[in-house]
Amino acid sequence: MKSPPVSALAPAVNPDIDSERRASSFDVEKLVNFWDGGAERTRLRRAVEHVINSDPVFSRENQYFLTPTESYEAAVKKSVHLCQKIKELGWTDDGPEVQFAFRILGSELAFGVHNLVFIPTIMKLGTDAQIAKWVPLAKDYHIIGTYAQTELGHGTNLRALETTATFDASSQDFVLNTPKVSSIKWWPGDLGRSASHAVVLAQLYTQGVCHGMHAFIVQVRSLLDHSALPGISVGDIGPKLAFEQVDNGYLRMQNVHIPKDNMLSRYSRVASDGSYIKQGSDRINYISMVFTRVGILSREILPALAKACVIAVRYSAVRRQSELSLGRQNFAFHLMGSSLEAFCKKVNLQIKTERNISSLPELHALSAGMKALMSATCTAGVETCRRACGGHGYSMLSGLPSLYGRVVASCTYEGENTVMLLQTARFLMKCLARVDSGQPLPQSVSYLSEPVSRYCSAKEKTDFFKPFLYTEAYKHRAQRLIKDSGDKLQSLLQSGFEQYVAWNVTSAQLAKTAIAHCQYIVVKNFVEIIEGLKLEAEVQQVIKRLCDLHALTGILSNAGDFLYDGYITGKQLDLVTSSHLDLLALIRTDAVSIVDAFDYSDQQLNSAIGSYDGNSYQHLFEWAQKSPSNAKVNLAYEKYLKPRFQAALSKL
């Protein structure tokens, strides 16, 4: 929403927020550059923002007053317009400008699954010929695709998917079926009203044998009139908590025939006689999902908390309410997300050039655990920001409810969080067994075979500002919980429990173990990055303080784990509390400047109470007056209230 002009009675900038900025201890622009990954990337991002913000098609004005249908139509319009604009400006598909454009517009666009899952899946699992055929059509929006994996009765449990693709040697095609109500594809974005095609995940059957889940390109609607093709039942699943602009849909298939070449066949294929030829590991069919999970951390989950922090901190400065320290989570997770993306690119290159999937299990475990940790933490963080804004945080005009509605969905899409944590835990248990047998470990879990101190060495509160000390504390906790979980599992197995029963009995402990592992990795990554930085002293100092605050907040939030075996004593925990309070006081003076460094424009925040000028109340009043309901005839009054009101005239 384009901010309306502020009332003539209002100052250009609220004096409270202006004084906060003048008290900053560091150069905000330097922190912006660090956040972006360099001054040149900041310049380029702002240039892309200017292009988008100056284009009326991308206007956010009155966005909160749109109906779901209007939101969907506006999103489609913006997506098609952006596609045209990218071509006009000569931006390349893999260039930073396109990445920035999608990041800036984010939730306002349609075809998120098409761009972020459908096309990448074909790129990763398709042959060169399949990529050449389908990807250019998809990039130009000549076809719109979705990724149909989740079923009505099956979400994260991929091995239980019921959709089938049976090869018919006589016709040289595949026949797809969703044989039960529970097998209907449910939730795929872009499917409800947009998609012409879908990458369908189905159990492959040839010569009467099931070869597990594979990906197939299925046309679901006519390119001529958009009607459902024979054997296809497709539509929208209805209203949701958020994502009004996304047409999540359902897909039912009854004897749908597709060409043999529509099976994505880079790593496995079916010969004309029905013979199944595997050219890679079964795990390769999960690769698209793993890479997508890594991508949503930086594209969807982390920006929600960052924007919420900007809004809440700025409004808190004006409202003079309690202060927030959630910005430290943004930095910790942002850096972790960058490291995870770098690892993802490395694994992708290994698979593409060497067909080497040895690092894929580690990437899967990291992406699953980090997705669960970050989505849950960011969801709680956005809600904390919303509550900190009092009643105004409940207003859509604050921008916070829509952020919450989007980020809370991340706790279930691309893998429900508890299931994700248990998948990480399964990897940890396998690695623990390798420690016992003396085998080498993947880098992220190498600490399991490293010595660790039995007791925390802190004697003064300032000791807890030493990264080595608190990193060791997280390492000790993670190592102990992993070993305790392993011992518990082995004890149950030795007592006669079946494997799956022992796993289920221990699942709560295993999920907690996975969280501890991920929290250690995040803290360790944060420390390693800041120790390698060479920034201006004041900027380095504020980042270091955020790292300290993130680590100490985690210790206080999980105090029982650190106290459990005496690693940290009660007196030392008092020192942590004291250090934590000192940090909050130091960071408090820089709070507004820290969130300013996220560098979100007013257009991107789309918040009446989070604007840069701090004139929250003027914006709230002016935006509220733009509500369409204020300009329409009140039919409820005419039908039901008018007779009663007029009857009162004679009684008053």
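Here we summarise the structure given alongside this text. (Residues numbered from 1 in each chain as written. Predicted model: local features only at pLDDT ≥ 70, side-chain atom pairs only at ≥ 80, totals over all residues. Heavy atoms only, no water.)

1. Some details on the overall build of the protein chain
Worth spelling out the cut-off: Going along the chain from the N terminus, every DSSP run of H or I of four or more residues is numbered as a helix, and every run of E of two or more is numbered as a strand. Based on C-alpha atoms, the radius of gyration is set beside the globule rule, defined as 2.2 Å times the residue count to the power 0.38. Classification of residues uses two cut-offs on accessible area relative to the type maximum, computed with a 1.4 Å probe and protein chains only: under 20% is buried, over 50% is exposed, and between them is partly exposed. In what follows, a contact means two residues having at least one pair of non-hydrogen atoms within 4.5 Å.
Counting its regular elements, the protein chain contains 22 helices and eleven strands. For the protein chain, the C-alpha radius of gyration of 27 Å lies close to 26 Å, the compact-globule estimate for 652 residues. Dimensions of the protein chain along its principal axes, counting C-alpha atoms only, are 80 × 75 × 60 Å. Buried positions account for 52% of the 652 residues belonging to the protein chain. Restricting to contacts in the protein chain with at least 6 residues of sequence separation, those with at least 24 account for 73%.

2. A short note on the nonpolar core
This is how the line gets drawn: Nonpolar cores are built from buried Ala, Val, Leu, Ile, Met, Phe, Trp, Tyr and Cys residues. Side-chain atoms within 4.5 Å join them into one set.
Residues Leu363 and Met370 are the most contacted members of the largest nonpolar core, which totals 145 residues. Those residues in contact with methionine 370, other than ones at most four positions away along the chain, are Leu297, Met336, Leu340, Ser375, Cys518, Ile521 and Val522.

3. Some points on a nonpolar patch on the surface
Here is the rule: Patch members must show over 30% relative accessible area and no salt bridge, and they are joined within 9 Å when carrying like charges or within 5 Å when they are nonpolar side chains of Val, Leu, Ile, Met, Phe, Trp or Tyr. Each accessible area is a Shrake-Rupley result for a 1.4 Å probe, and residues are judged covered by the shown protein chains and nothing else. Counted as salt bridges are all cases of a side-chain nitrogen of Lys or Arg within 4 Å of a carboxyl oxygen of Asp or Glu.
A contiguous nonpolar surface patch, about 340 Å² in accessible area, is contributed by Tyr640, Leu641 and Phe645. In this fold, tyrosine 640 is placed in helix α22 (residues 635–647). Here tyrosine 640 falls in the exposed class, since its relative accessible area comes to 56%.

4. A look at the pairing of strand β6 (residues 209–219)
Under the convention used in this document: Note: two strands are recorded as paired if DSSP finds a minimum of 2 bridges between them.
Of the pairings in the sheet, the one linking strand β5 (residues 197–206) to β6 comprises nine bridges and is antiparallel in character. Bridge pairing links alanine 202 to histidine 214 in β6. Taking the residues that link successive antiparallel strands as the turn, the β5-β6 hairpin has two residues, and the phi of glutamine 207 there is positive, at about 50 degrees.

5. Points about the packing of aromatic side chains
Short version of the rule: By convention, a stacked pair of Phe, Tyr or Trp rings (six-membered ring in the case of Trp) has centres within 6.5 Å and planes under 30 degrees apart, an edge-to-face pair has planes over 60 apart, and any other such pair is tilted.
By the definition in use, this model includes 13 aromatic pairs. Seen in terms of ring centroids, phenylalanine 111 and tyrosine 141 are 5.1 Å apart; in terms of plane orientation they differ by 70 degrees. Their pairing is edge-to-face. One end of the pair, phenylalanine 111, is in the loop between α5 (96–105) and α6 (112–125); the other, tyrosine 141, is in the loop between α7 (128–139) and β1 (145–148), with 30 residues separating them in the sequence. Classification of tyrosine 141 as buried rests on a relative accessible area of 16%. Pairing tryptophan 186 with tyrosine 250 gives two aromatic rings, centres 6.0 Å apart and planes at 20 degrees, and the pair type is stacked. In this pair, tryptophan 186 sits in strand β4 (residues 185–186) while tyrosine 250 sits in strand β8 (residues 249–253), placing the two residues 64 residues apart along the sequence. Judged by relative accessible area, which is 24%, tryptophan 186 ranks as partly exposed.

6. Looking at the environment of tryptophan 623
Mapped onto the fold, tryptophan 623 is located in helix α21 (residues 616–624). Taking the C-alpha atoms as reference, tryptophan 623 lies 42 Å from isoleucine 529; in sequence the two are 94 residues apart.

7. Some thoughts on unusual backbone geometry
Trans is the prevailing form of peptide bonds, just as negative phi is the prevailing case for residues other than glycine. A positive phi angle, close to 55 degrees, is found at glutamine 172, a residue other than glycine. If you check the backbone angles, phenylalanine 243 has positive phi at about 55 degrees while not being a glycine. Tracing the chain through its elements places phenylalanine 243 in the loop between β7 (232–236) and β8.

8. Some points on the packing of helix α2 (residues 28–36) against helix α16 (residues 537–557)
For the record, the criterion: Whenever a helix is involved, its axis is fitted only over the stretch in contact; in every case the axis is a line through C-alpha atoms, and angles between N-to-C directions fall within 0 to 180 degrees. Angles are sorted into four bins: roughly parallel if under 35 degrees, roughly antiparallel if over 145, roughly perpendicular if 65 to 115, and oblique for all others. Left-handed describes a crossing whose near helix is turned anticlockwise from the far helix by less than a right angle; the clockwise case is right-handed. Residue polarity is assigned by list, with Asp, Glu, Lys and Arg as charged and Ala, Val, Leu, Ile, Met, Phe, Trp, Tyr, Cys and Pro as nonpolar; anything else, Gly included, falls into the polar class.
Look at α2 against α16: their axes get within 9 Å of each other, and the N-to-C directions meet at 60 degrees. By the criterion of interaxial angle, the relationship of α2 to α16 is oblique. When the axes of α2 and α16 are compared, the crossing they make is right-handed. Of the residues in α16, those in contact with Lys30, Leu31 and Phe34 of α2 are Val539, Val542 and Ile543. By residue class, the composition of the contact of α2 with α16 is five nonpolar, no polar and one charged.

9. Quick word on the environment of tryptophan 35
Within the element layout of this structure, tryptophan 35 appears in helix α2. If sequence neighbours within four positions are ignored, tryptophan 35 has contacts with Asn330, Phe331, His334, Ala597 and Phe598.

10. A short note on the side chain of serine 183
Secondary-structure assignment places serine 183 in the loop between β3 (173–177) and β4. Assessed through its relative accessible area of 0%, serine 183 is described here as buried. Those residues in contact with serine 183 that sit more than four places away from it in its chain are Glu151, Glu162, Thr163 and Thr178.

11. Here's the deal with the pattern of salt bridges
Two side chains carrying opposite charge are able to pair once their charged atoms lie near each other. Within this structure, the stated rule accounts for 34 salt bridges. The shortest N-O distance in the salt bridge between lysine 512 and aspartate 561 comes to 2.9 Å. Note that lysine 512 is positioned in helix α15 (residues 507–531) and aspartate 561 in helix α17 (residues 559–563), a separation of 49 residues in sequence. Judged by relative accessible area, which is 40%, lysine 512 ranks as partly exposed. Residues lysine 544 and aspartate 548 are paired through a salt bridge, measuring 2.7 Å at the closest nitrogen-oxygen approach. Taken together, the positions of lysine 544 and aspartate 548, both in helix α16 and four residues apart, correspond to about one turn of that helix. Residue classification places lysine 544 among the partly exposed residues on the basis of a relative accessible area of 24%. When salt bridges with common partners are traced through the structure, they connect Glu29, Asp36, Arg45, Arg46, Glu49 and Asp599 into a single cluster.

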